[in-house]
2 protein chains.
Amino acid sequence: MPELRKDPIVNRWVVFSAERAERPTHYRISHSPAPSDGALYCPFCPEHENETPPEVFALPGGRAATADWQLRVIPNRFPALGVEGELQRSGDGLYDRLSGIGAHEVIIEHPSHSATLTTLSHGEIERVLYACRERILDLKRDVRFRSIVVFKNWGAAAGATISHSHSQLIALPVVPKTIAEELEGTREHHARTERCLFCDILHQELHDRSRLIWENSQFVVLAPYAPRFPFETWILPRAHRSHFEEVGEPELLPCAEALSQALLRLSRALDQPPYNLVLHSAPFGEPRPHHYHWHIEIIPKLGHIAGFEWGSGFFINPTLPEAAARFLRELDL
Amino acid sequence: MPELRKDPIVNRWVVFSAERAERPTHYRISHSPAPSDGALYCPFCPEHENETPPEVFALPGGRAATADWQLRVIPNRFPALGVEGELQRSGDGLYDRLSGIGAHEVIIEHPSHSATLTTLSHGEIERVLYACRERILDLKRDVRFRSIVVFKNWGAAAGATISHSHSQLIALPVVPKTIAEELEGTREHHARTERCLFCDILHQELHDRSRLIWENSQFVVLAPYAPRFPFETWILPRAHRSHFEEVGEPELLPCAEALSQALLRLSRALDQPPYNLVLHSAPFGEPRPHHYHWHIEIIPKLGHIAGFEWGSGFFINPTLPEAAARFLRELDL
């Protein structure tokens, strides 16, 4: 059974899924194989549906996949957390731990093996966003869960192990540290000003325009003021809303359009870089936080950036966001 | 001129050293070359001293290097921050920034090109620790600096670009986020209990022993309770002291011995993994924090672990620290 443990110094929860390998020989460095390509057997391709656990959601229809499915959501075959059981809290002297309860699902974004989120049509990306929203609304009813992380690793260097385009969703009994920090920072700003910090950032960025990459009537794509990594890109909704899953259906297509623009521009500028994408949304089960504002963050993985930053939390970025934004903004797509 | 900018949401300072490349083509992924090996020209080898800036410290002697130097400390030729100029703070609407003032030095740990910190004698490692202490004591007199990060990237995958064994030191006008978080967490514990959290952790770990890797009379090597990464290893001094630079000379050799044991065991278990090492020590210029306890953290870089963790602060670790500690503890060196 996996477990969650909290670092008592910085209050960070970590999942230990120790069913996975633990012998040191497992970690010896070898040239990690690239994700399987089209020539190899892919469990996410049509007609291989029996190779994965049965879907919990599919389009069209919302339930079991039809022969001509457009999107499938399945439980992860190697979940980081287990969905069965009771949430048990226990102490261990100074330390705190929780049973490793959670859900871990995979969103197969398209039947085609060679499709990528970057090249899907706006309508197809809208389906992915719709599926995320439906899965969050469903999982949210489980009172054991406090938050859901939706993320996408694209490319082997970003952690993808299957090349067929997919996203992942992990429902957690705790709040991830970054979200907790963002809640804290925005709470302080709200207490002082009675305004949402993200709304204030949007206001300043739309006036200043030097870090703006793209915008439509409902979403803004921008380079943040102090990004840790070159070409880090955020997608912010203009409408203040703490939870992604409360987005109305009319907003999904404009959001898909913004996501498509962000990914296309990064892909063109950086020659299809590996990337990590994370949806930031407020946790459940507490009074709706007026100070939080859901958004999407995309980090292209450009070389071996991760050095002492892991240990110190101190980042050196060789690219000013104004330079990255100008380049992305001025691309001729 | 480099600059520091603060992310207003999570209060994290980031250095922008924009003299470095900023065209996107610079980032296109290629097979990154391994660090130069012995066959190539190495600027850190003896008789190439003129290829580097003049040393700010050397052993033996403490000043200019003699022909038979044992260790040299030089300014980084491509510093992330500049040492000249006045520290200027400015606002930019919502945002805060600082001129990029700081020092960035390189500690060449040994004259031999093939030596590594893992294979140096205890006396040689003691020299490295002594040099760190001397450089911190010197830089600390500069009132512009608030903290110093000493770190080592070993292996190309950990960010090293020169293979000749070296560490780095960056003096900063701000406090790195991880240290700030540790200060906050330990301050809260101290306010509640009037005890140091690290001392409490030591007490519990020395009693429990399941995460203990090695110990001598003054230092303890252990796997932390909730590590983010497999085989993450900490070196804690038994004596409570907030600042590394206040360590007495008699403690340096036992510290070197502990560091040697930690690195040797990781090297043996994981077949010379790339790693990042970071010295965690309290910042300067505020009342001596009774709640902080300096220590060293080592993170082996095992494959492409960094995925969505960057975006969410949420970590999945496949290895329980008890399993890692047992393996490292029981190794027959």
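K.L.:
Describe the confidence of the model for chain A, listing the residues and the values that go with them.
P.N.:
Residues and elements named next belong to chain A. Mean pLDDT over chain A works out to 91, with 92% of the residues at or above the 70 mark. In this model, residues 29-34 is a region of pLDDT below 50 whose contacts with residues beyond four sequence positions or in other chains number six contacts. For this predicted complex, the interface confidence score (ipTM) comes to 0.90, while the overall pTM stands at 0.93.

K.L.:
Quick rundown of the interface of chain A and chain B? Include the residues and the values.
P.N.:
Listed per partner, the contact involves 76 residues of chain A and 76 residues of chain B. No other element matches the six residues that helix 2 (residues 177-193) of chain A contributes to the side of chain A that touches chain B. Split by residue class, the side of chain A that touches chain B holds 43 nonpolar, 19 polar and 14 charged. As defined by bridge partners, strand 15 (residues 315-317) of chain A adjoins strand 2 (residues 12-16) of chain B across three bridges and the pair is classed as parallel. Residue pairing in the sheet places phenylalanine 315 of chain A in a bridge with valine 14 of chain B of strand 2 of chain B.

K.L.:
Could you give an account of the sheet that holds strand 13 (residues 275-280) of chain A, with specific residues and numbers?
P.N.:
Residue and element names in this part refer to chain A. Spatial ordering of the open sheet is given by 3-4-7-9-8-13-14-12-11-10, a layout of 10 strands whose pairing is antiparallel. Either end of the sheet is taken by a strand with one partner, and the two such strands are strand 3 (57-59) and strand 10 (212-215). Going across the sheet, the axis of each strand differs from the next one's by a mean of 20°, ignoring polarity. With three bridges joining them, strand 10 and strand 11 (residues 219-222) adopt antiparallel strand pairing. When the sheet's bridge partners are listed, leucine 212 is paired in strand 11 with leucine 222. Helix-sheet contacts for helix 3 (residues 197-208) involve strand 10, strand 11, strand 12 (233-237) and strand 14 (295-300), and the interaxial angle to strand 11 is about 75°.

K.L.:
Report on the pairing of strand 2 of chain B, specifying residues and quantitative values.
P.N.:
Residue and element names in this part refer to chain B. With five of five residues buried, strand 2 is to be regarded as a mostly interior element. Burial along strand 2 is two-sided: Arg12, Val14 and Phe16 and Trp13 and Val15, pointing in opposite directions, are all buried. When strand 1 (residues 3-7) meets strand 2, the two strands line up antiparallel, connected through five bridges. Counterpart to aspartate 7 in the pairing with strand 2 is arginine 12. Hairpin connection of strand 1 to strand 2: four residues between the antiparallel strands, including asparagine 11 at a positive phi of 55°.

K.L.:
Talk me through unusual backbone geometry; I want residue IDs and the actual numbers.
P.N.:
For the peptide bond that leads from leucine 59 of chain A to proline 60 of chain A, omega is 0°, which places it in the cis range. Here proline 60 of chain A is to be found in the loop between strand 3 and strand 4 (71-75). One non-glycine residue with positive phi stands out, namely glutamine 272 of chain A, at about 55°. Overall, glutamine 272 of chain A belongs to the partly exposed group, with 16 C-beta atoms counted inside 10 Å. Unusually for a residue other than glycine, arginine 209 of chain B sits at a positive phi of about 70°.

K.L.:
Let's hear about the packing of helix 1 (residues 122-139) of chain B against helix 4 (residues 249-270) of chain B: which residues, and what values?
P.N.:
Residue and element names in this part refer to chain B. Taken N-terminus to C-terminus, the directions of helix 1 and helix 4 make an angle of 110°; their axes are 8 Å apart at the nearest point. One way to sum up the angle between helix 1 and helix 4 is to call them roughly perpendicular. Here the hand of the crossing between helix 1 and helix 4 comes out right-handed. Only Leu252, Leu253, Cys255, Ala256, Glu257, Leu259 and Ser260 of helix 4 make contact with helix 1, whose side of the interface consists of His122, Ile125, Glu126, Leu129 and Tyr130. Along the lines of polarity and charge, the residues of the contact of helix 1 with helix 4 split into eight nonpolar, two polar and two charged.

The rules behind the values
- Residues numbered from 1 in each chain as written.
- Chains lettered and ligands numbered in written order.
- Predicted model: local features only at pLDDT ≥ 70, side-chain atom pairs only at ≥ 80, totals over all residues.
- pLDDT = per-residue confidence, 0-100.
- Contact = placed C-beta atoms within 7 Å.
- Helix = DSSP H or I, 4+ residues; strand = E, 2+ residues; numbered from the N terminus.
- Nonpolar A, V, L, I, M, F, W, Y, C, P; charged D, E, K, R; others polar.
- Pairing = 2+ DSSP bridges.
- Axes fitted to C-alpha atoms, helices over the stretch in contact; angles between N-to-C directions.
- Buried ≥ 20, exposed ≤ 12 C-beta atoms within 10 Å, placed from the backbone.
- Parallel < 35°, antiparallel > 145°, perpendicular 65-115°, else oblique.
- Left-handed = near helix turned anticlockwise from the far one by under 90°.

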